[in-house]
Amino acid sequence: MLRSFLIYLSRAVWAQNLIMNWNFTWRTASRFVAGTRLEDAIRVVRELNAEGINATLDHLGEHTSTPAEAQQATDDILATLDAIAGADVRSNVSIKLTQIGLGLDEDLCAQNLERILARGKQHTAFVRLDMEDTPYTDKTISLYYKMRKKSYKNLGLVIQAYLHRSEADTRRLLKDKIHLRLVKGAYNEPPDKAFPKKVDMDANYDLLAKIMIDAALTMKVTGVGKNGRFPPMPAFGTQDEKRIGFARSYAEKVGLPKDGLEFQMLYGIRRDLQEHLVKDGYAVRVYVPFGTHWYPYFMRRLAERPANIWFFISNLFKR
């Protein structure tokens, strides 16, 4: 119930206007967001790289309302790719298609996406399409294949374990050797589309992890690219130690080498676990969000874990 309410707040304009005007909100949000400027994000990536951790940069934004906003978002992502190359840091980018116009016009979105992929190709950088809520699932997969037909290979997708459809999607996408990142899912979906119980979602996450690891064994698996910008085919986005433990133990059981998979975690959460995995010889990539449009992302982080809510409330009394 609380999770659903927080996800609702993430899209409520009235709530955004209210909460972002509270002085302490950014103090809390900055735990999960690297900063509002591109230079802030590059600085954080340098720090992560120094610890042996790779990154994926996300210039925050979603559901742009005009073509001009979608164009500006595209230009911001191009600038991010240029900055990664200019700073020579070990990072790629993640983007949301509604940020570059999917909710407005699919052709507009496709044009903007192709510009991003072309710039990524120029810089030998990988681009991950974040998966949003279910009205956009099929459209996102369709646009992926449209870009693939144009010979863009620097592109991957996200699979959300809480969706009933994800097993079928995963098996289909892996047949085409698509780079996948597996996450639990952070939107509010009805029970006919998503598992309402955490125990069922966790079980599906482990099943999908097994399917991805099995697929990696049948392919020519390569580790992280030399510049740190390309991930292995299976990437597991989670801070859940049980899910990480399952993926590790199953990969070891079937003989997938440590450099044949990657663990991806969120900025500001479980740095101790990130460092532990690196010491154990695994590739770790931290999802580093930045920008002024941080409110929806921040609210979804609160919705994910009660501990995040208490962290937010504790700052309320430090004003």
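Up top you'll find the structure we're talking about.
Residues numbered from 1 in each chain as written. Predicted model: local features only at pLDDT ≥ 70, side-chain atom pairs only at ≥ 80, totals over all residues. Heavy atoms only, no water.

Q: Sorry, what's going on with the overall build of the protein chain here?
A: From N to C terminus, the protein chain includes 13 helices and 8 strands. Split into buried and exposed, the 319 residues of the protein chain put 56% on the buried side. Within the protein chain, contacts between residues at least 6 apart in sequence are counted, and of these 77% link residues at least 24 apart. (Helix = DSSP H or I, 4+ residues; strand = E, 2+ residues; numbered from the N terminus. Buried < 20%, exposed > 50% of the residue type's maximum accessible area, 1.4 Å probe, protein only. Contact = heavy atoms within 4.5 Å.)

Q: Mind showing me how you'd approach the side chain of His123 here?
A: Mapped onto the fold, His123 is located in the loop between helix H6 (106-122) and strand E3 (127-129). Taking the relative accessible area as the measure of exposure, His123 reaches 16% and is therefore buried. Those residues in contact with His123 that lie beyond four places of it in its chain are Leu81, Asp82, Ala85, Asn227 and Arg229.

Q: What is the right way to read the sheet that holds strand E8 (residues 283-290) from this model?
A: Within a sheet, adjacent strands bond to each other through the backbone by hydrogen bonds, running parallel or antiparallel. Taken in spatial order, the 8 strands close into a barrel running E1-E2-E3-E4-E5-E6-E7-E8, and their pairing is parallel. Across this sheet, the average inter-strand angle for adjacent strands is 30°, counted without regard to direction. By the bridge criterion, 3 bridges tie strand E5 (residues 179-183) to strand E6 (residues 234-237) in an arrangement that is parallel. If you follow Leu180 over to E6, its bridge partner there is Pro234. The strands that helix H9 (residues 198-218) touches are strand E4 (155-160), E5 and E6; relative to E6, the one it contacts most, it runs at about 160°. Of the strands in this sheet, strand E7 (262-266) and E8 touch helix H11 (residues 271-279), which is tilted by about 165° from E7. (Pairing = 2+ DSSP bridges. Axes fitted to C-alpha atoms, helices over the stretch in contact; angles between N-to-C directions.)

Q: How should unusual backbone geometry be read in this particular structure?
A: Where the residue is not glycine, phi is negative for most of them; where a peptide bond is considered, it is trans in most cases. Phi is positive for His63, close to 50°, though the residue is something other than glycine. Relative to the helices and strands, His63 is located in the loop between strand E1 (54-59) and helix H5 (67-87). In this model, Thr124 sits at a positive phi of 55°, which is unusual for a non-glycine residue. Looking at the secondary structure, you find Thr124 in the loop between H6 and E3.

Q: Could you clarify how one ought to interpret the nonpolar core in this entry?
A: Grouped burial of nonpolar side chains is what soluble globular proteins tend to show. Counting 76 residues, the largest nonpolar core has Ile95, Leu97, Ile100, Leu157, Leu182 and Phe236 as the members making the most contacts within it. Among the elements that make up this core, the one with the highest residue count is H9 (8 residues). Not counting the four nearest positions on each side in its chain, Ile95 is found in contact with Ile77, Ile100, Leu113, Ile116, Val127, Arg128, Leu129 and Asp130. Core analysis: the next-biggest nonpolar cluster, separate from the first, contains 11 residues, Phe32, Val33, Tyr295 and Met299 among them. (Core = buried A, V, L, I, M, F, W, Y, C linked by side-chain atoms within 4.5 Å.)

Q: Please explain the environment of Tyr205 as it appears in this structure.
A: As for its placement among the helices and strands, Tyr205 is situated in helix H9. The sequence separation of Tyr205 and Lys184 amounts to 21 residues, and the corresponding C-alpha distance is 6.9 Å. Setting aside anything within four residues of it in sequence, one finds Tyr205 in contact with Ala161, Leu182, Val183, Lys184, Phe236, Gly237, Thr238 and Arg243. A distance of 3.4 Å separates the side chain of Tyr205 from the backbone nitrogen of Gly237, its partner in a polar contact. (Polar contact = N/O pair within 3.5 Å; in protein donor to acceptor, adjacent residues only side chain to side chain.)

Q: What's the story with the pattern of salt bridges in this structure? I'm lost.
A: Side chains that carry opposite charge are capable of pairing whenever their charged atoms lie near each other. Applying the stated criterion across every chain yields a total of 25 salt bridges. In this structure, the salt-bridge partner of Asp206 is Arg243, at a minimum N-O distance of 2.8 Å. Placement of the pair is Asp206 in helix H9 and Arg243 in helix H10 (residues 241-254), with a sequence separation of 37 residues. Across the pair, exposure class does not vary: Asp206 and Arg243 are buried alike. The closest approach of N and O atoms between Asp280 and Arg248, which form a salt bridge, is 3.1 Å. Here Asp280 is found in the loop between H11 and E8, whereas its partner Arg248 is found in helix H10, with 32 residues between them in sequence. A cluster of three or more residues bridged by salt bridges with shared partners is formed by Lys184, Lys198, Asp202, Asp206, Asp240 and Arg243. (Salt bridge = Lys/Arg side-chain N within 4 Å of Asp/Glu carboxyl O.)

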